[in-house]
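Residue strings, one per chain:
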Amino acid sequence: MTCTSLLAQVFNATPVNESSQYEALGMSANHRYVVGLNVATYKGFVWDTDNNTFLQNEGDYANTDFRHVTDDGRAFGTLGEDDMVTTN
């Protein structure tokens, strides 16, 4: 029974390469969106698991990550610069 239930699950994995090393920090309540930090680029990301697409923030920030995402893909987190941190 355990093996049968495992086969019924859908498993999505993020790509791992020199520019894509995703650290998940949050997930939407409907489990469609995952957010966090791409440690290879130090940019926050939103992963749409239904479409398997990734969106990263743009800009030159020293420390950025997203910690929460809504069911419609709006991400919340920190955009950090050298001398200040702002929450957006």
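Residues numbered from 1 in each chain as written. Predicted model: local features only at pLDDT ≥ 70, side-chain atom pairs only at ≥ 80, totals over all residues. Heavy atoms only, no water.

K.L.:
Can you help me understand the overall build of the protein in this one?
P.N.:
When you go through the protein residue by residue, the secondary structure sums to one helix and seven strands. Start at the N end of the protein and walk to the C end: the helices and strands fall as α-β-β-β-β-β-β-β. Out of the 88 residues belonging to the protein, those deemed buried represent 28%. (Helix = DSSP H or I, 4+ residues; strand = E, 2+ residues; numbered from the N terminus. Buried < 20%, exposed > 50% of the residue type's maximum accessible area, 1.4 Å probe, protein only.)

K.L.:
Would you mind showing me how to read the nonpolar core here?
P.N.:
A general trend in soluble globular proteins is that nonpolar side chains are found buried together. With five residues, the main nonpolar core is built from Tyr33, Val35, Val46, Phe66 and Val69. When residues of this core are traced back to their parent elements, those giving at least two are strand S2 (33-38) and strand S5 (63-69). Excluding residues within four positions of it along the chain, Phe66 makes contact with Leu25, Val35, Gly36, Gly44, Phe45, Val46, Asn57, Ala75, Phe76 and Gly77. (Core = buried A, V, L, I, M, F, W, Y, C linked by side-chain atoms within 4.5 Å. Contact = heavy atoms within 4.5 Å.)

K.L.:
Sorry, what's going on with the packing of aromatic side chains here?
P.N.:
Each aromatic ring pair is summarised here by two numbers: the centre-to-centre distance and the angle between the ring planes. One pass over the structure, following the stated rule, counts four aromatic pairs. Measuring from centroid to centroid gives 4.4 Å for Tyr22 and Phe54, while their planes differ by 15°, and the two rings are stacked. On the criterion of sequence distance, the pair formed by Tyr22 in strand S1 (residues 22-27) and Phe54 in strand S4 (residues 53-56) is long-range, its members being 32 residues apart. Centre to centre, the rings of Trp47 and Phe54 are 5.3 Å apart; their planes meet at 10°, and the pair counts as stacked. (Phe/Tyr/Trp six-rings, centres within 6.5 Å; stacked < 30°, edge-to-face > 60°.)

K.L.:
Just to check I follow, could you spell out the side chain of Ser20 for this structure?
P.N.:
Tracing the chain through its elements places Ser20 in the loop between helix H1 (2-7) and S1. Taking the relative accessible area as the measure of exposure, Ser20 reaches 10% and is therefore buried. Setting aside chain neighbours within four positions, we find Ser20 in contact with Pro15, Asn38 and Ala40.

K.L.:
How should I be thinking about the sheet that holds S4 in this particular structure?
P.N.:
Sheet strands pair via backbone hydrogen bonds, and the direction of the pair is either parallel or antiparallel. Read across the open sheet, the four strands follow the order S1-S2-S3-S4; overall the sheet is antiparallel. Looking at which strands have only one partner, the edges of the open sheet turn out to be S1 and S4. The average angle at which neighbouring strand axes cross in this sheet is 30°, direction not considered. In this sheet, strand S3 (residues 43-48) lies alongside S2 in antiparallel orientation, the contact comprising six bridges. Opposite Tyr33, over in S3, you have Asp48 as the bridge partner. (Pairing = 2+ DSSP bridges. Axes fitted to C-alpha atoms, helices over the stretch in contact; angles between N-to-C directions.)

None of this, on its own, says anything about what the molecule does.
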